[in-house]
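# Close look at the chain arrangement
The lines below spell out each chain.
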Amino acid sequence: YLRDDDQFQTKWQPLRMNQLLSEDIRDVNVIRDLNRLQLLTQVIQSRASSQLSYSVLAKMVGASVDTITRWIDVLESFYYCYRIKPWSKNIARSLVKEPKLYLWDWSIIQDVGARAENFIASHLLKATHRWTDAGLGQYELYYLRTLEKREVDFLVSKNGEPWFIVEVKSKSTKLSQHLGYFQELTQAKHAFQVVLGLPYVDKDCFEQSKPIVVPAKTFLSQLS
């Protein structure tokens, strides 16, 4: 990050992965099949920001579901990835089990939309941790999805109640209809469509109660 050099980053990323798999994890955990573990990281990278199916990953990697589950636990403990659970309170026919999977290093994600969602997810997760650690309340990060495939990327709760919901877009400024739908169901105070491609606007987005489009630069600046 401090070097601000694309060529340096391209060289650094595979070195980091090699150290993570061949040294850090190997030295702490008894994982003999490092080749399949490496394959799992590649599959996870291609499916970042998606719902996590342990059975699908098991088939793709050629390992048991229990092994995949254990390996993802290990990768999560080494800050390679993290999982976000679905919010199900007061949502009829919501998903209740399948988490979504994200990477801490979102820069390695090739798909623009998935990278944008992962980028915002990481900042929201860090914000919920910071607010909780500061004694401001108990904050958690979830996603919203029903069996009918209505979905909003994120819900942030405060003391067990919905506070705000977020839909992430890389460029689109057309307001998602799902924001209003889920805000009504959850009774969240705020609903934001966060767009990465918009310039900064000097306006407090948390003053608004109706669903709004907000630049990512504006939104992220107000998570402190």
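Residues numbered from 1 in each chain as written. Predicted model: local features only at pLDDT ≥ 70, side-chain atom pairs only at ≥ 80, totals over all residues. Heavy atoms only, no water.

## Examining empty space enclosed by the protein
- For the structure shown, the criterion picks out 1 cavity of 30 Å³ or more.
- Taken as a whole, the largest cavity spans an internal volume of roughly 40 Å³.
- Taken together, Ile44, Arg47, Ser50, Gln51, Leu52, Ser53, Leu57 and Leu101 make up the full set of residues lining the largest cavity.
- In the lining of the largest cavity, the residues fall into 4 nonpolar, 3 polar and 1 charged. (1 Å grid on protein atoms, 1.4 Å probe; cavity = no way out; pocket = protein on both sides within 12 Å on 5 of 7 lines; lining within 4 Å. Points joined across faces, edges and corners; volume = space filled by probe spheres on them. Nonpolar A, V, L, I, M, F, W, Y, C, P; charged D, E, K, R; others polar.)

## Considerations on the confidence of the model for the protein
- Chain-level pLDDT for the protein is 90 on average; 92% of the residues reach the 70-or-more range.
- At the low end of the mean pLDDT range in the protein sits helix H1 (residues 6-28), at 71; at the high end sits strand E7 (residues 190-195), at 98. (pLDDT = per-residue confidence, 0-100. Helix = DSSP H or I, 4+ residues; strand = E, 2+ residues; numbered from the N terminus.)

## Here we look at the side chain of Asn118
- Mapped onto the fold, Asn118 is located in helix H5 (residues 112-133).
- Those residues within four positions of Asn118 in sequence are excluded, and the remaining contacts are Ala48, Ser49, Tyr82, Tyr102, Leu103, Trp106 and Ile109. (Contact = heavy atoms within 4.5 Å.)

## Structural notes on the side chain of Thr186
- Within the fold, Thr186 resides in helix H6 (residues 177-186).
- A polar contact of 2.7 Å, which involves the side chain of Thr186, links it to the backbone oxygen of Phe182.
- At 3.2 Å, the side chain of Thr186 forms a polar contact with the backbone nitrogen of Ala188.
- In this structure, Thr186 is in contact with Trp87, Ile91, Leu144, Leu155 and Pro162, ignoring residues within four places of it in sequence. (Polar contact = N/O pair within 3.5 Å; in protein donor to acceptor, adjacent residues only side chain to side chain.)

## A short note on the packing of helix H3 (residues 54-61) against helix H4 (residues 65-77)
- Where H3 contacts H4, the axes come no closer than 8 Å and their chain directions differ by 100°. As the angle between them shows, H3 and H4 are arranged roughly perpendicular. Taken together, the residues of H4 that come into contact with H3 (itself represented by Tyr54, Ser55, Leu57, Ala58 and Val61) are Val65, Ile68, Thr69, Trp71 and Ile72.
- When its residues are assigned to classes, the contact of H3 with H4 shows 8 nonpolar, 2 polar and no charged. (Axes fitted to C-alpha atoms, helices over the stretch in contact; angles between N-to-C directions. Parallel < 35°, antiparallel > 145°, perpendicular 65-115°, else oblique.)

## Focus on H4
- Here H4 spans 18 Å end to end across 13 residues, near enough to the 18 Å set by a 1.5 Å rise per residue.
- If you check which residues of H4 are buried, you get Thr67, Ile68, Trp71, Ile72, Val74 and Leu75. When H4 is viewed along its axis, its buried side chains cluster within an angular range of 160° and face the same direction.
- Two residues or fewer past H4, Tyr79 is found with a positive phi of approximately 60°. (Expected span 1.5 Å × (residues − 1). Buried < 20%, exposed > 50% of the residue type's maximum accessible area, 1.4 Å probe, protein only. Arc of directions from axis to C-beta.)

## Remarks on the sheet that holds strand E8 (residues 212-215)
- On the basis of which strands lie adjacent, the open sheet formed by 8 strands has the order E1-E3-E2-E4-E5-E6-E7-E8 and mixed pairing. Each of the sheet's edge strands pairs with one partner strand only, and the pair in question is strand E1 (50-51) and E8.
- Here strand E4 (residues 139-145) pairs with strand E5 (residues 151-158) via 6 bridges, running antiparallel. Paired with Leu144 across the strands is Val152, a residue of E5. (Pairing = 2+ DSSP bridges.)

## Looking at the pattern of salt bridges
- Taken as a whole, this structure holds 7 salt bridges when the rule is applied.
- One salt bridge connects Glu151 with Lys100, and the closest N-O pair in it is separated by 3.0 Å. Here Glu151, found in strand E5, pairs with Lys100, found in strand E3 (residues 100-103); they are 51 residues apart in sequence, far enough to count as distant. Taken individually, Glu151 and Lys100 each receive the classification buried, so the pair is uniform in this respect.
- Between Glu167 and Lys169 there is a salt bridge; the shortest N-O distance is 3.6 Å.
- Judged by relative accessible area, Lys169 falls into the partly exposed class, the value being 27%.
- Each of Lys100, Glu117, Arg145 and Glu151 takes part in salt bridges that share partners, so that together they form one network. (Salt bridge = Lys/Arg side-chain N within 4 Å of Asp/Glu carboxyl O.)

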